[in-house]
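Survey of secondary and tertiary structure
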Amino acid sequence: MDITDFSLTEQELQQFDRDGFIGPFTLYEPEEMMQMHKTVRAQLFNRTHAPYDAPLDVAITNYDRHLDVELLTRHVFRKEIVHRLRSILGPDVICWRSEFIPKYPGNEGTDWHQADTFGHASGQPQLVWPQDEAFGGAINVWTGFTDATQENGCMLFIPGTHKKMNYDESIGMTFDPVANKDVVKGQYARGFNGYDYSTLQKDKSWRPDEAAAVPIVMKAGQFVIFRSMLMHSSLPNSTSDKTRLGYVARYVPGRVKVYPGTDYVKEFGGEYRLDKFGVVQVAGTRTDQQNRVASQSLSGLDLKPLACS
């Protein structure tokens with residue numbers, strides 16, 4: 001195999017199908033990620049070309065900065081990521097969303113959750129797969145900008161849970177960042193950006209099998225690939241001085257409709273216009289004709305030459 005080919009092997013594909021995740025893989029050396037983290041952090045404060053006009057304390061402020069921060073734009077195109085995604089999704093791959101997920105010292109854990117349509121906040125689907133396809137959701141690529149340990153709030157996965165949805169996203173949730181903060185669920189206080197994800201449970205008496213959960217410990221610069229329909233959560237950050245920062249890029253095949261029939265993202269108690277939004281074609285050429293496709297980043301970077309060969 002050519003050393004520039006990062007496609008998953010047949011054995012890795014079988015593992016991914018069985019468990020719903022694979023990795024971690026190393027993308028950046030720790031020193032490289034330290035410098036990237038420093039550079040990107042400074043650029044995030046410049047919101048001249050940011051895709052959403054939102055208050056800084058609302059989570060959507062962290063959404064889709066791959067559309068305007070060049071290092072993040074180049075990150076979502078990395079061959080180490082895209083070749084593996086083509087193995088899973090086929091030749092036409094789009095990045096439809098990215099976001100930073102920080103966990104500061106003392107922060108609560110994250111609710112157990114799954115995402116299929118990503119309509120959990122409003123009840124309105126943000127992704128619509130062709131009706132004849134077995135799988136929904138997205139493929140998430142979660143990259144550590146810092147180390148992720150059990151002490152500072154690493155993710156937890158329950159292997160094999162991606163083939164059955166335990167939540168009904170069409171119900172929608174109520175945004176209440178006061179009432180839904182530091183609520184003890186199971187072993188820990190858990191929340192979900194101001195929502196209570198457990199309100200979407202199809203069976204209100206059901207509880208995730210936390211005994212089967214696997215901690216996803218990672219070094220800065222490593223990434224893990226997982227299906228959004230996999231049961232996942234995170235531990236609380238029990239440290240007093242170590243922030244855990246992850247950057248997740250979300251990918252789907254080009255045939256998936258993204259934000260169908262709407263010009264707004266409806267989350268976090270507000271509506272945010274999609275006039276600066278576009279999916280980014282990281283591999284192949286085909287995408288649903290309804291999708292907005294970005295040919296340039298919001299900072300003027302031509303995206304076509306970056307497409308993975």
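Here, every reference points to the structure presented above.
Residues numbered from 1 in each chain as written. Predicted model: local features only at pLDDT ≥ 70, side-chain atom pairs only at ≥ 80, totals over all residues. Heavy atoms only, no water.

This part takes up the overall build of the protein chain. Looking only at helices and strands, the protein chain has four helices and 16 strands in total. Counting across all 309 residues of the protein chain, residues that qualify as buried make up 51%. Put simply, of all contacts in the protein chain between residues at least 6 apart along the chain, 82% involve residues at least 24 apart. Accessible surface for the protein chain amounts to roughly 14200 Å². Of this, 49% is attributable to carbon and sulfur atoms. Separation between the mean location of the 33 positive side-chain charges and that of the 39 negative ones in the protein chain comes to 1 Å. (Helix = DSSP H or I, 4+ residues; strand = E, 2+ residues; numbered from the N terminus. Buried < 20%, exposed > 50% of the residue type's maximum accessible area, 1.4 Å probe, protein only. Contact = heavy atoms within 4.5 Å. Areas by Shrake-Rupley, 256 points an atom, 1.4 Å probe, with all protein chains shown as cover. Lys, Arg positive; Asp, Glu negative; His and termini not counted. Charge placed at Lys NZ, Arg CZ, Asp CG, Glu CD.)

Each aromatic ring pair is specified by the distance between its two centres and by the angle formed by the two planes. In total, this model carries 16 aromatic pairs according to the counting rule given. Taking the centre distance of 5.1 Å and the plane angle of 80 degrees together, the rings of Trp 96 and Phe 118 count as edge-to-face. Within this pair, whereas Trp 96 is found in strand E2 (residues 93-103), its partner Phe 118 is found in the loop between strand E3 (109-113) and strand E4 (127-128), the two being separated by 22 residues in sequence. Taking relative accessible area as the criterion, Phe 118 reaches 3% and is therefore assigned buried. Looking at Arg 84, its charged tip hangs above the ring of Phe 25, at a distance of 3.9 Å from the centre. A cation over an aromatic ring shows up here: Arg 227 above the ring of Phe 135, its NZ or CZ 3.9 Å from the ring centre. (Phe/Tyr/Trp six-rings, centres within 6.5 Å; stacked < 30°, edge-to-face > 60°. Lys NZ or Arg CZ within 6 Å of the ring centre and 35° of its normal.)

Attention now goes to the pattern of salt bridges. As enumerated under the stated definition, the model contains 16 salt bridges in all. Between Arg 65 and Asp 68 there is a salt bridge; the shortest N-O distance is 2.8 Å. Pair check on accessibility: Arg 65 and Asp 68 agree, each one buried. For the salt bridge of Glu 210 with Arg 190, the shortest nitrogen-to-oxygen distance reads 3.1 Å. You can see Glu 210 sitting in the loop between strand E8 (188-191) and strand E9 (214-216) and its partner Arg 190 sitting in strand E8, a full 20 residues away along the chain. You'll find Glu 210 and Arg 190 in the same group, each marked buried. (Salt bridge = Lys/Arg side-chain N within 4 Å of Asp/Glu carboxyl O.)

To continue, consider the sheet that holds strand E6 (residues 155-157). Strand order in the open sheet made by the six strands is E7-E8-E3-E11-E6-E9, with mixed pairing throughout. With partners counted over all chains shown, the strands left at the sheet margins are strand E7 (183-185) and E9, one partner each. When strand polarity is set aside, the average angle formed by the axes of neighbouring strands in this sheet is 45 degrees. Taken together, the two bridges between E3 and E8 define a ladder with parallel strand orientation. Paired with Gly 109 across the bridge in E8 is Arg 190. (Pairing = 2+ DSSP bridges. Axes fitted to C-alpha atoms, helices over the stretch in contact; angles between N-to-C directions.)

Across soluble globular proteins, nonpolar side chains show a tendency to be buried alongside one another. One finds Ile 225 and Tyr 251 to be the most contacted residues of the largest nonpolar core, which totals 85 residues. Element by element, the count of residues in this core is highest for strand E12 (residues 244-253), at six residues. Among all residues touching Tyr 251, those that are not within four sequence positions of it are Val 76, Ile 81, Leu 85, Leu 89, Val 93, Ile 94, Cys 95, Trp 96, Ala 138, Ile 139, Val 141 and Val 282. (Core = buried A, V, L, I, M, F, W, Y, C linked by side-chain atoms within 4.5 Å.)

Among the secondary structure elements, Asn 180 is positioned in the loop between E6 and E7. Ignoring any residue separated from it by four or fewer positions in sequence, one finds Asn 180 in contact with Glu 108, Thr 174, Gly 191, Gly 194, Tyr 195 and Asp 196.

Turning next to helix H2 (residues 30-44). Under the 1.5 Å per step criterion, the end-to-end length of H2 is 21 Å for 15 residues, consistent within 8% with the ideal 21 Å. All of the buried residues in H2 are Met 33, Met 36 and Val 40. Buried residues along H2 cover an arc of 60 degrees about the axis, so they all sit on one side. In H2, the exposed positions that point more than 90 degrees away from the buried face belong to Glu 31, Met 34, Lys 38, Arg 41 and Ala 42. (Expected span 1.5 Å × (residues − 1). Arc of directions from axis to C-beta.)

Moving on to unusual backbone geometry. A cis amide bond, omega 10 degrees, links Gly 23 with the succeeding residue Pro 24. Although it is not a glycine, Asp 64 sits at a positive phi angle of roughly 60 degrees. Within the secondary structure layout, Asp 64 lies in the loop between H2 and helix H3 (70-76). Positive phi, close to 60 degrees, is recorded for Phe 118, a residue that is not glycine.

This paragraph deals with the sheet that holds E2. Pairing in this open sheet of six strands is antiparallel, and the strands run E1-E10-E5-E12-E2-E16 from one edge to the other. The two strands at the open ends of the sheet, each matched to only one other strand, are strand E1 (21-26) and strand E16 (280-283). For this sheet the average axis-to-axis angle between neighbouring strands, irrespective of direction, equals 30 degrees. Pairing of E1 with strand E10 (residues 222-227) involves four bridges; the strand directions are antiparallel.

Let's shift gears to the pairing of E3. Taking burial as the measure, the five residues of E3 include five buried ones, the bulk of the element. Here E3 runs beside strand E11 (residues 232-234); their pairing, made up of two bridges, is antiparallel. Counterpart to Thr 110 in the pairing with E11 is Ser 234.

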